[in-house]
Amino acid sequence: MKEKRNLKSPRLIVSGGGTGGHVFPAIAIADAFKRRHPDAEILFVGAKGRMEMERVPKAGYPIEGLWISGFKRELSLDNFSFPFKLISSLCKARKILKRFKPDAVVGVGGFASGPTMRKATALGIPVVIQEQNSFPGVTNKIVAPKAARICVAYEKMDRWFPKDKIVLTGNPLRNNIVSDENLKEEGARFFGLDPQKPIILLVGGSQGALGINKGVSAQLGMFNGNDYQMIWQTGKFYIDRAEDEIGMYGLSARVKTMVFIERMDLAYAAADIVISRAGAMSISELSLVKKPVVFVPLPTAAEDHQTKNAQSLVDADAAVMVKNDKTETELLPVVFDLLKNKEKMSAMSKNISKFARPNAAEDIVNEIDKVLGIV
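Visitor: Mind laying out the packing of helix H7 (residues 210-219) against helix H12 (residues 327-339), listing which residues take part and the relevant values?
Guide: Closest axis-to-axis distance for the H7/H12 pair is 8 Å, and the angle between their directions is 75°. Judged by the inter-axis angle, H7 sits roughly perpendicular to H12. Packed against H7, whose contacting residues are Gly-211, Ile-212, Lys-214, Gly-215, Val-216, Ala-218 and Gln-219, the element H12 presents Thr-327, Glu-328, Thr-329, Glu-330, Leu-331, Leu-332 and Pro-333 at the interface.

Visitor: For the pattern of salt bridges, give the residues involved together with the corresponding values.
Guide: In total, this model carries 13 salt bridges according to the counting rule given. Note that Lys-58 and Glu-54 form a salt bridge whose closest N and O atoms lie 3.2 Å from each other. Pair noted here: Lys-58 and Glu-54 are both in helix H2 (residues 52-58), with a separation of four residues, about one helical turn. The partner of Glu-185 in a salt bridge is Arg-189, with the nearest N and O atoms 4.0 Å apart. Of the two residues, Glu-185 and Arg-189 both sit in helix H6 (residues 184-190), four residues apart, roughly one turn of that helix. Note on Glu-185: relative accessible area 46%, which makes it partly exposed.

Visitor: So what about unusual backbone geometry? Which residues, and what values?
Guide: Note on backbone geometry: most residues besides glycine have negative phi, and most peptide bonds are trans. One non-glycine residue, Lys-156, adopts positive backbone phi at about 65°. Here Lys-156 is to be found in the loop between strand E6 (149-152) and strand E7 (166-168). Residues other than glycine seldom take positive phi values, yet Lys-290 does so here, at roughly 60°.

Visitor: Go over the environment of Asp-164 with me, naming the residues and quoting the values.
Guide: Inspection of the secondary structure assignment puts Asp-164 in the loop between E6 and E7. Taking C-alpha positions, Asp-164 is 8.7 Å from Arg-149, a pair spaced 15 residues apart along the chain.

Visitor: Go over the environment of Gly-16 with me, naming the residues and quoting the values.
Guide: When you line up the elements, Gly-16 lands in the loop between strand E1 (11-15) and helix H1 (20-36). Excluding its chain neighbours within four sequence positions, the residues that come into contact with Gly-16 are Val-45, Gly-46, Glu-52, Val-108, Gly-109, Ala-112 and Ser-113.

Visitor: Explain the sheet that holds strand E4 (residues 104-107) residue by residue, including any values.
Guide: Ordered by their spatial adjacency, seven strands build an open sheet running E3-E2-E1-E4-E5-E6-E7, and the pairing between neighbours is parallel. Pairing within the sheet leaves two strands with one partner each, and these edge strands are strand E3 (63-66) and E7. This sheet shows a mean twist of 20° between the axes of neighbouring strands, independent of strand direction. The pairing of E1 with strand E2 (residues 41-47) spans five bridges and is parallel. Of the residues in E2, the one forming a bridge with Ser-15 is Val-45. Its contacts with the sheet place helix H4 (residues 113-122) against E1, E2, E3, E4 and strand E5 (127-131), and it is angled at close to 150° to E4. Sitting on the sheet, helix H14 (residues 360-372) is in contact with E1, E4, E5, E6 and E7, with an inclination near 175° to E6.

Visitor: If you had to explain the confidence of the model for the protein to someone new, which residues and values would you point to?
Guide: Predicted coordinates in regions of low pLDDT should not be interpreted in detail. In this model, the protein carries a mean pLDDT of 90, and residues with pLDDT of at least 70 account for 91%. Low pLDDT, under 50, characterises residues 1-5; the stretch is placed with nine contacts to residues that sit more than four places away or in other chains.

Visitor: Before we move on, could you go through the pairing of E1 and cite the residues and values that matter?
Guide: Most of E1 sits inside the fold, with four of its five residues counted as buried. A crossover connection joins E1 to the parallel E2 through H1; in handedness this β-α-β unit is right-handed. Where E1 and E4 come together, four bridges link them in parallel fashion. In the strand pairing of E4, Ser-15 is matched with Gly-107.

Cut-offs and rules
- Residues numbered from 1 in each chain as written.
- Predicted model: local features only at pLDDT ≥ 70, side-chain atom pairs only at ≥ 80, totals over all residues.
- Heavy atoms only, no water.
- Axes fitted to C-alpha atoms, helices over the stretch in contact; angles between N-to-C directions.
- Helix = DSSP H or I, 4+ residues; strand = E, 2+ residues; numbered from the N terminus.
- Parallel < 35°, antiparallel > 145°, perpendicular 65-115°, else oblique.
- Contact = heavy atoms within 4.5 Å.
- Salt bridge = Lys/Arg side-chain N within 4 Å of Asp/Glu carboxyl O.
- Buried < 20%, exposed > 50% of the residue type's maximum accessible area, 1.4 Å probe, protein only.
- Pairing = 2+ DSSP bridges.
- pLDDT = per-residue confidence, 0-100.
- Right-handed = clockwise from strand over helix to strand, strands pointing away.

Pasting the structure below:
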């Protein structure tokens, strides 16, 4: 049996990122670990040029970047540089680990987590994997046999991982995600909207979602036949087009656009209904805030796992789904019909709340502590 240690100042590396679905859980785990162990030293390892290099320092943590990106499945010139990036990242990850000397490494998925976790296991450093999705990434499946613990958000993950290492914890959420109906008026006012009129929240992910954005653009004129309002997170590549179209339809007072929503707590509080991709983190957040949701799964997600994620909630009468290729004809009509059906929206709110795991970050820290032998 492993001897228990009382580490007063544990050293932790958290690695991964690329999208909000990886970055925000990573920060949530670090925050929970820091609350539990105020003297802990935490270092992030991310991928150069990705959103973690900006978001993590804003959260108050140091980060080092690896020169790494994904291997594209289609033919691409970028794939020729992949072997060089991988070798470079493995070498740098080893140097970081040798210098920082972490007591454990937490991998949350994303490009940087692979080299960091692989070198950690080679150096005998305990690795804890946090897998957000119902279908795990390639890196996590490769590292899993050597991991000390695998924290998952879905049941039946022993199809992919060693059963004796799996712990069902749920996905850790941003600290400002809360379920508080008392914030509805404050949230509406924050975005310049009327709290007495229905509000739609559209979040396509941290980078936006082209399929959803185009679906709304195609039907934007439908807003002129009602008093509905919308908070629209467009992503940086669609913001100009969205603002031009809103101006053309005279909807500037009722449809508010932004590249990225910093105050998601107020956005969720203001919303009566949400349009979202069906990534694992989105589902976890929507379950906690108990919002009716129309999912538009990303069709290019690995093994179409977003459709599987969404279907599990649809089957439980906890959500509605519109396929990505149907957004331009079906998305807003489905949303508007739901806004007229208060009974169905209430049932969806109740049913989606059953999927919530509000203590996920703390539960993951419990597992890290067990791996470290902290008493």
